[in-house]
Structure formats: C-alpha cells, structure tokens
Amino acid sequence: MDSADFARWLRDATPYIRAHRGRTFVVLLDAEVVDCPNLGDLVRDLALLHALGIRLAIVHDAPGADAADVVDAQSRDALIAATGLVRSRLEAHFSALAPLGPGGSERIVLVGANLVAAKPRGIADGVDQQFAGEPRRIATEEIGRLLDQRCIVLLPPFGYSNAGEAFVLNAATLAAETATALGADKLIVYDAMERVNDISQISPSALAGLLASDRFSGASRSRLEALLRATRGGVARGHFISWRSDGALLRELFTAEGVGTQVSEGDYRTIRPARVADIPGILELIRPLEDAGLLVRRPRNRLEAEIDRFHVAELDGIVIGCCALYPHGDAMELACLAVHPSHRSVVDGKTLGERLLSHAREVARTRGALDLFVLTTGAEDWFAARGFRPAELDALPASKRALYNYRRNSRVLIESLAMRESGAAAGAVSSEV
C-alpha cells in the first residue's frame, strides 16, 4: 500500500473508528487461532482495537476442549494445563507489543480470574458428562469494572461451581453467554472459513435455516450457533471472520465492504431524515455521480438549503445511500437516489436502493402525494422494473416542467401511489438516478 492508498484508507476508516470507540466487543479465539503462524499479527490487530478505545473481552479455547463431551478428572486436568499454555502464549504476544500512549506510558494489561460460575452438564442420554459443564453466571459487574480500567479480560473455557470444582465449558457457548450478559455491541468469532456461504451479511433467521440444513459441522457449527444465540439474545451484531486472512479483523470492522459474514437482526442499514451533519457524507456519495453526469450537480449551499428534502441510509454513522423528495402539488419528485458501490448487495430480499425507494413511497404517501415521478438519464430500466411507467414531458406538474433541462434530455417515469399495491417492489441490484 503506497502513501496515497494509506491516506485514503485512513480517511475512509475514520467514521468507523469514531463509531466503535467505547463499545464492548467479545472475541472468540479458538485453539486453531492460537496455533496459527500469524498469531502475532492477530494480537497486534486486537491491541489496535484496544488502543482505539474499544473494550475487549477475549474468550480463548484450549486444544480439545470444544470436542469434549464426557470429561473425566484426568482429561479436565490436562485441559487446564493446555489452557495455561494458551494463556501464556497470548500474554507473551501482548507483552511483546510496544506500550501505548505518549512516551509509552500505558502497557496493555490482560486480566483473567474466576469470572464465570459453572454448573455440571449432568447426565445426557444416560451418560454422566462428569466435568463437562455449562455457564451458570457471568460476573458482568466485575468484568465491566475491569474494562473500565482499560484492561483486556481473558476468559478461559472453564467455570467454577460453588463447591470449588472446575468444569470444562464449550468456548463458543461461553462467548455467546458472555456477549449477551455484558450487552456487548459485537461478538466476533474466528474460523478457518472465509465467509458463511460467501455471504457478507445474513439475518439470524436465515442463519438458523442454514444450520438446520446440516451444512456445517464440528467447531464451525458451534461458532455459528454461538453467533445465532448471541444475536437473538440482544447482541446487535455478530461477525464471522477467518484467521487465515491477515488483517481480517481490521478490514471487517473498518471498511465498508468487510471481509467476513455479519449476522444481524433485520436490515442493519438505517434510513432516516437527513441532518446538516450528514452533508459531508452526502457530498462524498453523490460527487462521483455528478462528475459522471448521472446526477445534476448540487453546490454545497444548495444542499444545505434543501437538507430537509433529503433522507439518508447509514451504517455505523456513515452515509451509504441517500434520496431527495420535492413536492409539486399532488405529485412528488424522487431525486438524487444514490447508493455507495459497496452496499448494493441484497439483504433480506432487498437492495438498499429498493429500501430507499420504498421509504420514499411511504414518505410521499404520508404527505398526501398521489403520484411519484423521477427524471433519469441512466436508470430507466431499474425504475420500470419496479412499477414506474414512461411518460411524456406534459405529464409532469407545471412547476417541474418549467424547470426541465432540455440539454440533459432526461427520461420521465411516473408511478401512481394510489394504484400501487403495498409491498410490490422486488429483486435486482440497485442503481443511481
């Protein structure tokens, strides 16, 4: 990456850095991660999150712990020893990092303690699971205080009973329980796979459908079940990323396109009325389209004067789509429909362009409009496929006809809102007007 690419990346990452600061992330590191050759780089990525003000709780596995069903005393003690080695490796890598802060005044402190109470799994199908356990309670207040003190909390796959017995826990289950109990903003799990079915975003219900198909097995299945459990339990977003891909954590969290699979309830892209603070994001979104002649150029002062006409789609505080609505009597013009190139994929059956269109229809209806019309030089087919019909210039309201730019020679398309059946929009990839 040359200096220009780096500067561009850092500028693009800045909104994500701001959005993630002060958030709580739970990260699951399995035994494969701890043994992978790029563990040092992975630890540096985690340290960078910490340096950026993200509160981290790391659940780490031990070799063989996730496959343990029946755990006798000897196996448990062997896993305890293996867990100690894993913890030691993590502490060594974090200790090797340069101290943070001005003049190296702050070192990264890892803290682990008896923060998980456990209970025995008991008897399953007539077989005593012995020292295989399940989480009973997560010490959320204590963990919260440690995070407030700028510590990274390490949680091994063990919990302790009131009688002082240690029980082996499934690390993925522990990560899900911890994220849910803390009210974490994200649960991030590492796996050997790059993405789930090559999908960048999936809803919990869709993920449940994939898991019901028995398409996944072993540790990968356990991690996906953890993401499903956490997102259904109130964790806003889960992320499935590969430890094989260098920098996957940073690219997933600080770029628009990401590299893994995000699990979140419904469509994670919020559409709302625009505010003055959104103007830089809107300008960044529409300038390339204006330069290409696809949109009419809007000076910043005009955009500021007309900001109440705009609606934006945002992700993590970043404007990724916008549209504008202008009233003309009993009709309304849909203008400036634009979507960031990295966010044109289908999510829960709709592209972001289609969601913006549906939002515009609803706003127009609530404001009493009977018709919705667009003027376009390059998206006629897209609108026609979604219920708009070509029309002559005379079909436009007189106030819009008076402003028509004959040099652009835009096509006119109109949709009758009164005749449209609700929920009619369907399918394809978004475009810009």
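Only a predicted model underlies this, so the values are computations on that prediction, with no experimental measurement involved.

A.B. asks: Can you lay out unusual backbone geometry for me, pointing to particular residues and giving the numbers?
C.D. replies: A negative phi angle is the norm for most residues apart from glycine, just as the trans form is the norm for most peptide bonds. Here the phi dihedral of Asp198 falls at roughly 60 degrees; this positive angle occurs in a residue that is not glycine. Here Asp198 lies in the loop between strand 11 (186-191) and strand 12 (201-202). Judged by its relative accessible area of 64%, Asp198 is exposed. Residue Asn409 is not a glycine yet carries a positive backbone phi of 55 degrees. Among the secondary structure elements, Asn409 is positioned in the loop between helix 14 (398-401) and strand 21 (411-416).

A.B. asks: Run through the sheet that holds strand 20 (residues 389-391), naming residues and quoting values.
C.D. replies: The sheet built from 7 strands is open, its strands ordered 15-16-17-18-19-21-20 with mixed pairing. The strands lining the two open edges of the sheet, one partner per strand, are strand 15 (270-273) and strand 20. Neighbour-to-neighbour, the strand axes of the sheet open up by a mean angle of 30 degrees, direction not taken into account. Where strand 17 (residues 318-328) and strand 18 (residues 331-339) come together, 7 bridges link them in antiparallel fashion.

A.B. asks: Hey, could you go over the state of the cysteines for me, with residue numbers and the actual values?
C.D. replies: Applying the stated criterion across every chain, the model contains 0 disulfides. In this structure Cys323 is not part of a disulfide, and its nearest cysteine sulfur, from Cys322, lies 7.1 Å away. Note on Cys323: relative accessible area 0%, which makes it buried.

A.B. asks: Pulling in residues and values, what's your account of the pairing of strand 1 (residues 24-29)?
C.D. replies: Counted residue by residue, strand 1 has 6 buried out of 6 residues, so it is predominantly covered. Neither face of strand 1 is exposed, since Thr24, Val26 and Leu28 on one face and Phe25, Val27 and Leu29 on the opposite face are all buried. Looking at chain direction, strand 1 and strand 2 (residues 55-60) are connected through 6 bridges and run parallel. Bridge pairing in strand 2 places Val27 opposite Ile58. Of the strand pairs in this sheet, strand 1 and strand 11 are connected by 4 bridges, and their pairing is parallel. Along strand 11, the bridge assignment pairs Phe25 with Lys186.

A.B. asks: An account of helix 4 (residues 73-95) is requested, with residue identities and associated values reported.
C.D. replies: An ideal rise of 1.5 Å per residue puts 33 Å on 23 residues; helix 4 measures up with 33 Å between its terminal C-alpha atoms. Among the residues of helix 4, Arg76, Leu79, Ala82, Thr83, Val86, Leu90 and Phe94 are the ones counted as buried. The backbone nitrogen of Gln74 has a side-chain oxygen 3.3 Å away, supplied by the residue at the start of helix 4, namely Asp72.

A.B. asks: How would you explain the packing of aromatic side chains if you had to name every residue and give the values?
C.D. replies: Taken as a whole and judged by the stated rule, the model has 4 aromatic pairs. Plain terms: the ring middles of Phe131 and Phe167 are 6.0 Å apart, the flat faces sit at 40 degrees to each other, and that makes the pair tilted. Remark: Phe167 occurs in strand 10 (residues 166-168) and Phe131 occurs in the loop between strand 6 (127-128) and strand 7 (133-138); sequence separation between them is 36 residues. Between Phe383 and Phe388, the aromatic rings sit 5.2 Å apart at their centres with planes inclined by 75 degrees, giving edge-to-face as the arrangement. Here Phe383 falls in the buried class, since its relative accessible area comes to 0%. The exposure class assigned to Phe388 is buried, which follows from its relative accessible area of 4%. By way of ring pairs, the aromatic residues Trp382, Phe383 and Phe388 are connected into one cluster. The lysine or arginine in question, Arg76, covers the ring of Phe131, its NZ or CZ lying 4.1 Å from the ring centre.

A.B. asks: Account for the environment of Thr261, naming residues and giving values.
C.D. replies: Structurally, Thr261 is set in strand 14 (residues 261-264). When sequence neighbours within four positions are dropped, the list of residues in contact with Thr261 reads Arg195, Val196, Ile199, Ser200, Ile202, Gly238, His239, Phe240 and Glu252. One polar contact links the side chain of Thr261 to the main-chain amide nitrogen of Val196, over a distance of 2.9 Å.

A.B. asks: Provide a residue-level description of the pattern of salt bridges, including the pertinent values.
C.D. replies: A full pass over the atoms with the stated rule returns 24 salt bridges. The shortest N-O distance in the salt bridge between Glu290 and Arg287 comes to 2.4 Å. Taken as a pair, Glu290 and Arg287 lie in helix 10 (residues 279-291) at a separation of 3 residues, close to a single helical turn. The buried category is assigned to Glu290, whose relative accessible area is 5%. Judged by its relative accessible area of 25%, Arg287 is partly exposed. A salt bridge links Arg300 to Glu304, with the nearest nitrogen and oxygen atoms 3.2 Å apart. You can see Arg300 and its partner Glu304 sitting in helix 11 (residues 300-305), 4 residues apart, about one turn around the helix. Judged by its relative accessible area of 40%, Glu304 falls in the partly exposed class.

Reading the values: the criteria
Residues numbered from 1 in each chain as written. Predicted model: local features only at pLDDT ≥ 70, side-chain atom pairs only at ≥ 80, totals over all residues. Heavy atoms only, no water. Helix = DSSP H or I, 4+ residues; strand = E, 2+ residues; numbered from the N terminus. Buried < 20%, exposed > 50% of the residue type's maximum accessible area, 1.4 Å probe, protein only. Pairing = 2+ DSSP bridges. Axes fitted to C-alpha atoms, helices over the stretch in contact; angles between N-to-C directions. Disulfide = S-S within 2.5 Å. Expected span 1.5 Å × (residues − 1). Polar contact = N/O pair within 3.5 Å; in protein donor to acceptor, adjacent residues only side chain to side chain. Phe/Tyr/Trp six-rings, centres within 6.5 Å; stacked < 30°, edge-to-face > 60°. Lys NZ or Arg CZ within 6 Å of the ring centre and 35° of its normal. Contact = heavy atoms within 4.5 Å. Salt bridge = Lys/Arg side-chain N within 4 Å of Asp/Glu carboxyl O.

These figures capture arrangement, not role.
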